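Listed below are the residues making up each chain.
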Amino acid sequence: MILKPKSMISGTGSAIPKKKLTNFDLEKIVDTTDEWIRTRTGIESRFIAAEDQLTSDLCAEAAINALDDAGVSVEEIDHIIVASITGDYGFPSTACFIQEKIGAVNAAAFDIAAACSGFIYGLRMADSLISSGMGKNILVIGGERLSTITDYEDRATCVLFGDGAGAAVVQPSVDDRGILGTFIKSDGRLNKLLYMPGLGTAIPPQQSIDQRLNYIKMTGREVFKNAVTAMGDAAVKIIKDTGLKSEDVDILISHQANMRIIDATAKRVKVPAEKIFKNIHKFGNTSAASIPIALDEARKTKMVTDNQVAILVAFGAGLTWGSAAVRL
Ligand code: UT7
């Protein structure tokens with residue numbers, strides 16, 4: 001039996017910066033080629049925030065678009081949950097800056113740190129707040145300004161990442177539409193396969209800068225292997241746990257990190273090519289923003305419509321991973 005939802009996604013929105021950085025632009029910066037990037041990752045371009053465009057600006061724009069889509073006023077929002085690894089300041093939370101920018105005066109605002117899986121973690125929190133009666137109108141936002149922590153001297157990572165934000169409004173479910181289930185997991189033993197050593201409190205700030213520790217460090221091949229296994233497992237698990245079957249899935253929205261990982265996940269779930277959502281070619285890897293941007297685009301382009309079932313699945317630093325089954 002398919003599980004009955006307690007909460008639903010009633011609106012989505014996204015925000016993409018204007019400046020486009022193509023593979024050909026990167027060929028001029030590091031020793032790489034468009035061909036290598038496209039065949040190894042599926043990425044053709046990514047978008048980079050303007051100098052004065054903060055993570056909170058991108059998130060605020062995405063949030064306003066999601067509120068418009070849901071027909072919910074900003075005053076009604078009771079929680080703002082923000083997933084990001086590129087917050088505006090050391091503290092307070094980026095959520096509090098977004099709260100100010102959109103005027104959500106009645107909300108509690110806080111950030112969560114689960115890297116690329118952050119939006120799924122946030123969705124699970126929103127679903128549980130609503131299920132427990134503690135929340136009614138929740139904004140879940142994933143937003144990143146990864147260009148700030150991308151090392152444009154490291155060809156192994158700089159070709160991958162882009163900036164952007166996506167948001168969803170989560171409200172109590174009124175019918176069979178909604179979040180059918182969520183799953184999250186992490187393996188902290190692998191915390192240094194993908195991390196930024198500097199700019200925390202472990203390493204003095206000057207040392208971080210002198211040794212280029214204020215940038216993303218990734219052991220790509222190991223992360224790749226773990227991602228293929230974990231995302232496949234997470235997608236299969238959420239389908240089974242919610243009582244769905246592969247043929248019930250109308251769209252598979254995977255974290256857009258690498259086209260080969262997306263295809264491997266789809267193969268595990270036995271979802272045909274036309275049901276696999278991909279926008280990695282345009283935006284690259286936008287970490288926590290990847291799933292909500294994809295979900296928004298899939299809805300707005302009518303690749304998925306109301307009452308259809310979406311499987312969301314993400315993987316990222318931590319290592320963290322997770323999945324959600326949603327009847328939209
Ligand atoms: O969002 C969070 C999760 N992140 C991910 O899921 C990312 C997972 N990892 C990946 O997507 C892939 O590992 C990468 C796309 C990062 C790398 O692809 P790969 O097929 O695993 O390549 P590799 O790291 O094993 O490198 C293969 C070769 C190396 O050269 P040698 O040692 O074979 O001579 C690299 O130096 O490719 C070289 N290389 C490049 N060549 C041209 C690495 N980066 C580049 C580049 N351009 N940009």
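We now turn to the structure provided with this report. Computed from a predicted structure; not experimentally measured.

Cut-offs used in this document
Residues numbered from 1 in each chain as written. Predicted model: local features only at pLDDT ≥ 70, side-chain atom pairs only at ≥ 80, totals over all residues. Heavy atoms only, no water. Phe/Tyr/Trp six-rings, centres within 6.5 Å; stacked < 30°, edge-to-face > 60°. Helix = DSSP H or I, 4+ residues; strand = E, 2+ residues; numbered from the N terminus. Buried < 20%, exposed > 50% of the residue type's maximum accessible area, 1.4 Å probe, protein only. Near = heavy atom within 4 Å. Polar contact = N/O pair within 3.5 Å; in protein donor to acceptor, adjacent residues only side chain to side chain. Areas by Shrake-Rupley, 256 points an atom, 1.4 Å probe, with all protein chains shown as cover. Nonpolar A, V, L, I, M, F, W, Y, C, P; charged D, E, K, R; others polar. Lys, Arg positive; Asp, Glu negative; His and termini not counted. Salt bridge = Lys/Arg side-chain N within 4 Å of Asp/Glu carboxyl O. Contact = heavy atoms within 4.5 Å. Pairing = 2+ DSSP bridges. Axes fitted to C-alpha atoms, helices over the stretch in contact; angles between N-to-C directions. Left-handed = near helix turned anticlockwise from the far one by under 90°.

It is worth spelling out the packing of aromatic side chains at this point. Per the counting criterion, the structure on display carries three aromatic pairs. Ring centres 5.7 Å apart and planes at 55° place the aromatic pair F47 and F283 in the tilted group. With F47 in strand 3 (residues 45-48) and F283 in helix 10 (residues 280-283), this residue pair connects regions lying 236 residues apart in the sequence. Consider the rings of Y89 and F97, whose centres lie 5.0 Å apart with planes at 40°: the pair is tilted. According to the relative accessible area criterion, Y89 is partly exposed, its value standing at 48%.

Our focus in this paragraph is unusual backbone geometry. Following F91, the chain continues into P92 via a peptide bond in cis, with omega recorded as 0°. Structurally, the position occupied by P92 is in the loop between strand 4 (79-83) and helix 4 (94-102). For the bond running from G318 to L319, omega is -15°, close enough to zero to count as cis. Its location among the elements puts L319 in the loop between strand 12 (309-316) and strand 13 (320-327).

Turning next to the site of the ligand. Taken together, 23 residues surround the ligand, and among them T32, R40, R221, N258 and N285 come closest. With respect to the ligand, the backbone of R155 contributes an N or O atom lying 2.9 Å from a nitrogen atom. If the ligand stood free it would expose 950 Å²; the protein chains cover 76% of that surface. Per element, the largest residue contribution to the shell around the ligand is four residues, and it comes from helix 8 (residues 220-241). When its residues are assigned to classes, the shell around the ligand shows twelve nonpolar, six polar and five charged.

Bringing the side chain of D78 into the picture now. On the secondary structure map, D78 appears in the loop between helix 3 (55-70) and strand 4. Although D78 is buried, it forms no salt bridge, and the closest oppositely charged side chain is K136 at an N-O distance of 6.9 Å. Ignoring sequence-local partners within four residues, the contact set of D78 consists of N106, A107, A108, G135, K136, N137 and I138.

The strand order across the open sheet formed by four strands is 8-13-12-11, and the pairing between neighbours is mixed. Two strands lie at the open edges of the sheet, namely strand 8 (178-186) and strand 11 (251-254), each paired on one side alone. Strand-to-strand twist in this sheet, taken as the mean axis angle between neighbours without regard to direction, amounts to 10°. Where strand 8 lies against strand 13, eight bridges are found, and the strand directions are antiparallel. Looking at the pairing, G178 lines up with R327 of strand 13. Across the sheet, helix 8 touches strand 8, strand 11, strand 12 and strand 13, and the angle it forms with strand 12 is around 150°.

Time to look at the side chain of T265. Note on placement: T265 falls in helix 9 (residues 259-269). Take T265: its relative accessible area is 0%, and that puts it in the buried class.

Packing of helix 8 against helix 9 brings their axes to within 9 Å, and their N-to-C directions diverge by 35°. Note on packing geometry: the crossing formed by helix 8 with helix 9 is right-handed. Side by side, helix 8 and helix 9 meet where F224, A227, V228, T229, M231, G232, D233, A235, V236 and I239 of the first sit next to R260, I261, A264, T265, R268 and V269 of the second.

Glancing now at the pairing of strand 7 (residues 164-172). Burial within strand 7 is extensive, with eight of its nine residues counted as buried. Here strand 1 (residues 7-15) runs beside strand 7; their pairing, made up of eight bridges, is antiparallel. When the bridges of strand 7 are listed, G13 appears paired with A167. Two strands pair when backbone bridges link them, and strand 6 (residues 138-144) and strand 7 are joined in this way by seven bridges, in the antiparallel orientation. By the bridge assignment, G142 is partnered in strand 7 with G166.

One key point about sheets: their strands pair by backbone hydrogen bonds, in either a parallel or an antiparallel sense. Strands sit in the order 1-7-6-4-5 across an open sheet of five strands; the sheet is mixed. Where the open sheet ends on each side, the last strands, each with one partner, are strand 1 and strand 5 (108-112). Direction aside, the axes of adjacent strands within the sheet are offset by 20° on average. Each of strand 4, strand 5 and strand 6 touches helix 4; the most contacted strand, strand 5, lies at about 140° to it.

This brings us to the environment of I179. Looking at where I179 falls in the secondary structure, it is placed in strand 8. A relative accessible area of 2% means that I179 is categorised as buried. The spacing of I179 and D127 is 52 residues in sequence and 7.3 Å in space, taken between C-alpha atoms. Ignoring sequence-local partners within four residues, the contact set of I179 consists of P5, K6, S7, M8, I9, L123, D127, V170, A325 and V326.

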